[in-house]
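Letter by letter, the chains look like this.
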Amino acid sequence: MKTFKLSVLPLALLIAIGSGCATTPQPDCSLPDGNNLRVSIESSKTQLSNGCAALFDAYFDRLLTVAEGDPKSRHKQTFSEFLEWTTDSGLLSRRQAQAYYNRYFNVKFMSLAGDYNNCSYTCPRQAELLTRMEEELTDKEQGLLRVSLDRDSYYRADQLLKETELVLAATCTACAAN
């Protein structure tokens, strides 16, 4: 008799859990499909607030794509305001929001940020770091050039990458000599 009760209990729990999941409504996490950045941002805010926060990267990428369809210098401010909203609503920390903004709309390279000693940490990872910086430059091309038409900032970022590559090579050569 005890065996029967023990084998029925896991089955009953499985049914209870399964039926609970079946009745839980799933949020609509479809990405905005329009061409208007302001409308797409408002739609994204609603969906991100209603259970779709785990898809933040997909929403952010879609907003960038929408903005590329009608590039304007004011888009930097629009994305800044959107990222401020993400921190105010608790979706992202302030540091995370700043990292998103800087990655796409600032000449500063987020992949270069680090508190480690160049000789012991950066030099052994020099190739990896430069690859990450090149990937970030591609994101800056999207944000600075194709979204906000800020050619000067993009070309400064491109120049900064080239200068960093030279300085890093010289630094690592000096580290190896010591």
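Residues numbered from 1 in each chain as written. Predicted model: local features only at pLDDT ≥ 70, side-chain atom pairs only at ≥ 80, totals over all residues. Heavy atoms only, no water.

Here the focus is the packing of helix α4 (residues 75–88) against helix α5 (residues 94–105). Interaxial distance between α4 and α5 falls to 9 Å at its minimum, and their mutual angle equals 165 degrees. In terms of orientation, α4 and α5 fall into the roughly antiparallel class. In this structure, α4 crosses over α5, and the sense of that crossing is right-handed. Taken together, the residues of α5 that come into contact with α4 (itself represented by Lys 76, Phe 79, Ser 80, Leu 83, Glu 84, Thr 86, Thr 87 and Asp 88) are Arg 94, Ala 97, Tyr 100, Tyr 101 and Phe 105. (Axes fitted to C-alpha atoms, helices over the stretch in contact; angles between N-to-C directions. Helix = DSSP H or I, 4+ residues; strand = E, 2+ residues; numbered from the N terminus. Parallel < 35°, antiparallel > 145°, perpendicular 65-115°, else oblique. Left-handed = near helix turned anticlockwise from the far one by under 90°. Contact = heavy atoms within 4.5 Å.)

The subject of this paragraph is the state of the cysteines. One pass over the structure, following the stated rule, counts three disulfides. There is a disulfide in this structure between Cys 29 and Cys 52, and the S-S distance comes to 2.0 Å. What sets the handedness of the Cys 29 and Cys 52 disulfide is the S-S torsion sign, and at about -90 degrees it is left-handed. Residue Cys 29 is found in the loop between α1 (2–23) and α2 (37–52), and its partner Cys 52 is found in helix α2; the two are separated by 23 residues along the sequence. Note on Cys 52: relative accessible area 1%, which makes it buried. Two residues, Cys 119 and Cys 175, share a disulfide whose sulfurs are 1.7 Å apart. Here Cys 119 and Cys 175 share a disulfide; its torsion about the S-S bond, -70 degrees, makes the bridge left-handed. Residue Cys 119 is located in helix α6 (residues 118–122), and its partner Cys 175 is located in helix α8 (residues 151–177); the two are separated by 56 residues in the primary sequence. (Disulfide = S-S within 2.5 Å. Buried < 20%, exposed > 50% of the residue type's maximum accessible area, 1.4 Å probe, protein only.)

Relative to the helices and strands, Thr 122 is located in helix α6. Residues within four places of Thr 122 in sequence aside, it is in contact with Asn 117, Leu 129 and Leu 168.

Looking now at the nonpolar core. If you look at the biggest cluster of nonpolar residues, it comprises 21 residues, and the most contacted ones within it are Leu 37, Phe 56, Phe 60, Leu 64, Phe 79, Phe 82 and Leu 83. Elements supplying a minimum of two residues to this core: α2, α3 (56–68), α4 and α5. A total of seven residues in this core trace back to one element, the largest contributor, which is α3. Not counting residues up to four positions away in its chain, the partners in contact with Leu 83 are Phe 56, Phe 60, Leu 92, Ala 97, Tyr 100 and Tyr 101. Core analysis: the next-biggest nonpolar cluster, separate from the first, contains 14 residues, Cys 123, Leu 129, Leu 144 and Leu 161 among them. (Core = buried A, V, L, I, M, F, W, Y, C linked by side-chain atoms within 4.5 Å.)

On to the packing of aromatic side chains, then. Considering all chains together, one arrives at 11 aromatic pairs under this definition. Residues Phe 56 and Phe 82 carry aromatic rings whose centres are separated by 6.0 Å and whose planes lie at 5 degrees to one another, so their mutual orientation is stacked. Pair noted here: Phe 56 is in helix α3 and Phe 82 is in helix α4, with a separation of 26 residues, a long-range link. Using a relative accessible area of 6% as the deciding quantity, one classes Phe 56 as buried. For Phe 82, a relative accessible area of 1% gives the class buried. One aromatic cluster is present, formed by Phe 56, Phe 60, Phe 79, Phe 82, Trp 85, Tyr 100, Tyr 101, Tyr 104 and Phe 105 through successive ring pairs. Between Lys 140 and the ring centre of Phe 109, over which it is positioned, the NZ or CZ distance is 5.1 Å. (Phe/Tyr/Trp six-rings, centres within 6.5 Å; stacked < 30°, edge-to-face > 60°. Lys NZ or Arg CZ within 6 Å of the ring centre and 35° of its normal.)

Considering every residue of the chain, the mean pLDDT works out to 87; 85% of them sit at 70 or more. Put simply, α1 is where the chain has its lowest mean pLDDT, 48, and α4 is where it has its highest, 98. Under a pLDDT of 50 for its full length, residues 1–17 has, in the predicted model, zero contacts with residues more than four places off or in other chains. (pLDDT = per-residue confidence, 0-100.)

Next up on the list: the environment of Asn 50. Secondary-structure assignment places Asn 50 in helix α2. Expressed as a C-alpha distance, the spacing of Asn 50 and Cys 29, which sit 21 residues apart in the sequence, is 8.7 Å. A distance of 3.0 Å separates a polar atom in the side chain of Asn 50 from the backbone oxygen of Thr 46. (Polar contact = N/O pair within 3.5 Å; in protein donor to acceptor, adjacent residues only side chain to side chain.)

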